[in-house]
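Spelled out, the chains give:
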Amino acid sequence: MDELIFKKTSDPMQSAGIAVLYEKVKDNNQLTVEIHSNELMIKGEDLETLLLSIYNDVARKHWDISNQKQIERNEGFYYDESKDEFVRFAKVKPTGYPLLIHPAQPLTLKKDNYPKIKDIKVNRPELYAKICEFAQKEKLKIDKMKKVLLNERNTAIPIIKKMDFSPGKKICFICGEGYKKTEEIKSFSAFIGGSGSFTNYSSGGGKTESVCYKCRLLQILSTDFAFWNNDFKHEMVYVFFFQHTDFKKQIQLLEATKSLLLPLESMRINSYRSNYEIENNVKGYYPGLVYEYMLGLLYTLFKKYDIIQDNQTMDMETLEIIPSEFLEAELFYFSAKKFSKKNNAYRPVRSEKLNNLYYLFDFFKKLKDEIKRDFFSILGSFCLPYKENRENNKYVNKIAENIIRVRSIINEAETVAAIKFSENNNYSFDVILNMIKFYESYIKYGGNGNMEDALRDRAVKLGNLIGYRIYEKEKERNKGKRPAGSAGKGEIISLRKCRRLNLFLEQLIRLQSKYDIFISKDITDNIDEENFGYFRQFTIISAMNTFISQGWEKKDNSTGGNNE
C-alpha cells in the first residue's frame, strides 16, 4: 500500500490545493485519508494513477475552455488519418488564474501530430492538397497557417503523462523534499517559495529549477479554490485565496465558499471576466478594479451568511461553521500584469494579505442596520458618469481600498461630490453624506481624538444652512426662479479652496454678511487645526447637497432658517 503526505508550506496555493485534494478523495472507500492541522495523509493502492486522474479532470475543467467568439468561429480543425476526414472544433485559450500557472500555448499529446505545413507540402503533397481544398471550402486562410493538427485537436491542458513520487536526490524547489524525478518549470506557479517572494515568477526563473509531482499536482488543484477577475482593459488578473492556518478549517472554508464559483457556461456568457458571481443587483454600478472586486467578494459572502443568520430553517451546522472560520481566516491576494503579448505571459506585480475579516463583516452588518441600503448601491453613489479619458470607477476603487484598510474615505467623497456639483446635474448627495457620517464615526475618525459625532453633526447642520441660504439668495436675485447656471455654486466651491483654518474662518465671516447667516461663536471656538479638515469636509459636502436638492426637488424649504 502506498502512502503520501502533503505538508503545509508558506505557499497559499499549496494550501488551497490540499483542501481541494481532500474534497476529491475523502469519500473514496478504497483509501485511508487523514487530515491534520498541518498535513494531509493518503494511503491506498496505485496512488499515482488515482491522483493523475484527479489532476487531469481539474485541468480539463479550467484550461480546456473556449470563449463565445471562439465557439462561434469554430475555426480549429485537425485531419483524422484513420478516417480520412477533417474535424472542426473551437480553439481553446485559458484565462484568469489558470493562465498564470500554465502557458497559454496550445499543446497536443504527440509532437508528430503537430507538423509544420511547409513540411507537409514537401513530404506529403497529397495531404497538402486536401488541406488546401478543405481550407478553401471552409473559408480558412491557408497562407496564415504555420502548423496543422493531425489525429487530435489541440488543447491548453498542462499535461502530465505519469506521476512519480519515489524518493531520490532531486530537490523540489517548493517543498524542499527529495525525489527520483522532478519536472523542470518554465511557467508553473505565480509564486515560488511562498507569498514573501512573489516577484520570483517562474517564467522568469529560467530552466534551472524543478518541482516534484506533488507540488505540481497541488498547484493545478488550487484552481478549484481560487477566485479571480480579468481586467481586460488594463491587462491585469486579480486572484484571491481564503486561507487558514489549520487545514481542517481550510477545508471548511472551501465548503463555505465553493457555492460562489460560477459554472463554465455562466463564465463563458460573462466572457470569462470572473469565475465567481458578486451579488450585485444595483443598476448602473459594476465593479471594475481590484479593491472593488475584493470588497464585492467579501460582501457577497456576508450576504450569504446574513441570509443564513436570518433564516432559522437553514442548517445550523452551516451557521456555526461560517462565522468562526471566516473571522479567523486570511484573504490572500495578488495581481499579475501582462508583460509579453507574444506569448500572453503575465508577471505578478503586487501581493498582500487581508486578516481583518472580522472588522469587515461587523462593518457590513452595522452598515446594513444603520443606512438600510444595499452596499453596492452605496458604492454606486460614488461613481462618476462615464466620460472619455476618465475612469469613472477610480474613486470607488480607492474608497473600497480605504474601507479594507480602515482609512478615512472623506477626501474621495468630497472630490466626487465636487465633480458632480460642478457639472450642473441634478444629483443628490444624501447617500454619500450618510455613508461618510456612519463610516467616519465607525472608524472613530481615523483616530482623531479631536473629532466627535457631536461636532460632525454641527458641521453638517452648518453646511445645510450655508447651502440653503446661498440658494435662496441667488433665487431672489433671479426673480424667484431657480438660480441660473453656476450662480451661487462658486461660493461653496470657494470653501473647498480654504485649505487652512484661518482662510476657512475668514470665508465663513464673508458668507455671514453676504447671505444673512448667523454662525454662533460656539462653533468657531470648537474648530482647531486637528479637526478642521473633517469639519470643513462635512460642511462642504452638506452645503453642496442642500444647494443641489433645493432645485432638484423643486420646493421651497421655508423651514431652513437663517442661523445656527
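Note on numbering: residues in each chain are counted from 1, in written sequence order. In keeping with the model being predicted, local features are shown solely for residues with a pLDDT of at least 70 and side-chain atom pairs are shown and tallied solely at 80 or more, while totals for entire chains, interfaces and linings include all residues. With hydrogens and water stripped out, all remaining heavy atoms of the structure feed into the side-chain values.

Draft legend 1. Geometry of the overall build of the chain. Secondary structure assignment for the chain yields 21 helices and 14 strands. By residue count, 53% of the 564 residues in the chain fall in the buried class. Considering only intrachain contacts with a sequence separation of at least 6, the fraction spanning at least 24 residues in the chain is 73%. In the structure as shown, the chain presents an accessible area of about 27,100 Å², 47% of it carried by carbon and sulfur atoms. Secondary structure elements follow DSSP: runs of H or I no shorter than four residues count as helices, runs of E no shorter than two count as strands, and numbering proceeds from the N terminus. Summary of the burial criterion: residues with accessible area below 20% of their type's maximum are buried, those above 50% are exposed, and those between are partly exposed, where the area comes from a 1.4 Å probe applied to protein chains only. By definition in these notes, contact holds between two residues if any of their heavy atoms fall within 4.5 Å. Only the protein chains shown count as cover for residues, and all accessible areas are computed by the Shrake-Rupley method using a 1.4 Å probe.

Draft legend 2. Geometry of the packing of aromatic side chains. Aromatic contacts are taken between Phe, Tyr and Trp rings whose centres are within 6.5 Å, Trp giving its six-membered ring; a plane angle under 30 degrees counts as stacked, one over 60 as edge-to-face, and the others as tilted. Following the criterion strictly, the structure yields 34 aromatic pairs and no others. With centroids separated by 6.4 Å and ring planes inclined at 55°, the aromatic side chains of Tyr 291 and Tyr 333 adopt a geometry described as tilted. Taken together, the residues span a long stretch of sequence, with Tyr 291 in helix α10 (residues 290–310) and Tyr 333 in strand β13 (residues 330–340) at a distance of 42 residues. Per residue, the accessibility class of Tyr 291 equals that of Tyr 333, and both read buried. Aromatic side chains Tyr 299 and Phe 376 sit 5.3 Å apart centroid to centroid with 85° between the ring planes, which places their arrangement in the edge-to-face category. Of the two residues, Tyr 299 is situated in helix α10 and Phe 376 in helix α13 (residues 375–380); the sequence distance between them amounts to 77 residues. Given a relative accessible area of 7%, Tyr 299 falls into the buried group. For Phe 376, a relative accessible area of 1% gives the class buried. By the ring-pair criterion, three or more aromatic residues cluster together here, those being Tyr 299, Phe 302, Tyr 359, Phe 361, Phe 363, Phe 364, Phe 375, Phe 376, Phe 438, Tyr 439 and Tyr 442. In this analysis the charged atom, NZ for Lys or CZ for Arg, is taken to sit over a ring once it is within 6 Å of the ring centre and within 35 degrees of the ring normal. Lying over the aromatic face of Phe 6, Lys 214 brings its terminal NZ or CZ to 5.3 Å of the ring centre. When the ring centre of Phe 421 is taken as reference, the NZ or CZ atom of Lys 489 above it lies at 4.9 Å.

Draft legend 3. Focus on the nonpolar core. The biggest cluster of nonpolar side chains holds 149 residues, and the ones touching the most others in it are Leu 21, Phe 240, Ile 403 and Met 435. The biggest single contributor to this core is α10, with eleven residues. Among the nonpolar cores identified, the runner-up in size contains twelve residues, and Phe 77, Leu 127, Ile 131 and Phe 134 belong to it. Residue types Ala, Val, Leu, Ile, Met, Phe, Trp, Tyr and Cys, when buried and joined through side-chain atoms within 4.5 Å, form a set referred to as a nonpolar core.

Draft legend 4. Main features of the packing of helix α16 (residues 430–442) against helix α17 (residues 453–477). In this description, a line fitted to the C-alpha atoms serves as the axis of each element, helices being fitted only across the stretch in contact, and the angle between N-to-C directions of two axes falls anywhere from 0 to 180 degrees. Direction vectors running N to C along α16 and α17 enclose 160°, while the axes themselves pass 11 Å from each other. For the element pair α16 / α17, the angle class is roughly antiparallel. The element α16 and its partner α17 pack so that their crossing is right-handed. On α17, the residues touching Leu 433, Lys 437 and Ser 441 of α16 are Asp 453, Arg 456, Asp 457 and Val 460. Partitioning the contact of α16 with α17 into residue classes produces two nonpolar, one polar and four charged. In these notes the angle categories are as follows: under 35 degrees is roughly parallel, over 145 is roughly antiparallel, 65 to 115 is roughly perpendicular, and the rest is oblique. With the far helix as reference, a near helix turned anticlockwise by less than a right angle produces a left-handed crossing, and one turned clockwise produces a right-handed crossing. Only Asp, Glu, Lys and Arg are considered charged, only Ala, Val, Leu, Ile, Met, Phe, Trp, Tyr, Cys and Pro nonpolar, and every remaining residue, Gly among them, polar.

Draft legend 5. Highlighting helix α19 (residues 501–515). The span one expects for a helix is its residue count, reduced by one, times 1.5 Å. For α19, built from 15 residues, the straight-helix expectation of 21 Å at 1.5 Å per residue is met to within 8% by its first-to-last C-alpha distance of 21 Å. Phi turns positive, to about 55°, at Asp 516, one or two residues after α19.

Draft legend 6. Main features of the confidence of the model for the chain. Of all residues in the chain, 85% attain a pLDDT of 70 or more, and the chain-wide mean is 82. A score between 0 and 100, pLDDT records how confident the predictor is in each residue. Every residue in residues 191–207 scores below 50 in pLDDT, and together they form 45 contacts with partners more than four places removed in sequence or on other chains. Scored below 50 in pLDDT, residues 311–323 shows eleven contacts in the model against residues more than four places distant or in partner chains.

Draft legend 7. Examining the pairing of strand β4 (residues 76–80) more closely. Of all five residues making up β4, five are buried, and the element is well covered by its neighbours. Where burial is concerned, the two faces of β4 agree: the one with Gly 76, Tyr 78 and Asp 80 and the one with Phe 77 and Tyr 79 are both buried. Only strands joined by at least two bridges in the DSSP assignment are considered to pair. Across five bridges, β4 lies against strand β5 (residues 85–89) in antiparallel orientation. Each residue of the ladder has a partner; that of Phe 77, found in β5, is Arg 88. Two successive antiparallel strands, β4 and β5, enclose a turn made up of four residues, where Asp 84 displays a positive phi of approximately 55°. As paired strands, β4 and strand β6 (residues 149–150) are joined by two bridges and run parallel to one another. From the neighbouring strand, Tyr 79 faces β6, where its bridge partner is Leu 150.

Draft legend 8. Layout of the pattern of salt bridges. We count a salt bridge whenever a side-chain nitrogen from Lys or Arg sits within 4 Å of a carboxyl oxygen from Asp or Glu. Inspection of every chain in the model, using the stated rule, returns 30 salt bridges. The salt bridge partner of Asp 84 is Lys 130, with a shortest N-O separation of 2.8 Å. In this pair, Asp 84 is assigned in the loop between β4 and β5 and Lys 130 in helix α6 (residues 125–137), connecting sequence segments 46 residues apart. A relative accessible area of 45% places Asp 84 in the partly exposed class. Residues Glu 491 and Lys 514 are paired through a salt bridge, measuring 2.4 Å at the closest nitrogen-oxygen approach.

Draft legend 9. Expanded view of the sheet that holds β5. Within the open sheet, the three strands sit side by side as β5-β4-β6. Their pairing is mixed. The two strands at the open ends of the sheet, each matched to only one other strand, are β5 and β6.

Draft legend 10. Just the sheet that holds strand β12 (residues 236–243), in detail. Taken in spatial order, the four strands line up as β11-β12-β13-β14 in an open sheet, and their pairing is antiparallel. Two strands bound the open sheet, and with one partner strand each, they are β11 (227–231) and β14 (345–354). The average angle at which neighbouring strand axes cross in this sheet is 20°, direction not considered. In terms of strand pairing, β12 meets β13 through eight bridges, oriented antiparallel. In the strand pairing of β13, Gln 243 is matched with Glu 330. Each of β11 and β12 is contacted by helix α8 (residues 247–257), which is oriented at about 125° to β12, the strand it contacts most.

Draft legend 11. Region of interest: α17. Under the 1.5 Å per step criterion, the end-to-end length of α17 is 36 Å for 25 residues, consistent within 8% with the ideal 36 Å. Note on α17: the residue one or two positions beyond its end, Lys 479, has a positive phi of about 60°.

Draft legend 12. Geometry of the state of the cysteines. Counting rule for disulfides: a pair of cysteine sulfur atoms within 2.5 Å. Counted under the stated rule, the structure contains zero disulfides. For the unlinked cysteine Cys 215, the closest cysteine sulfur is that of Cys 212, found at 3.7 Å.

Draft legend 13. Examining the environment of Asn 426 more closely. Relative to the assigned elements, Asn 426 resides in the loop between α15 (410–422) and α16. Each C-alpha atom, one on Asn 426 and one on Gln 550, is 10.0 Å from the other, the two residues being 124 residues apart in sequence.

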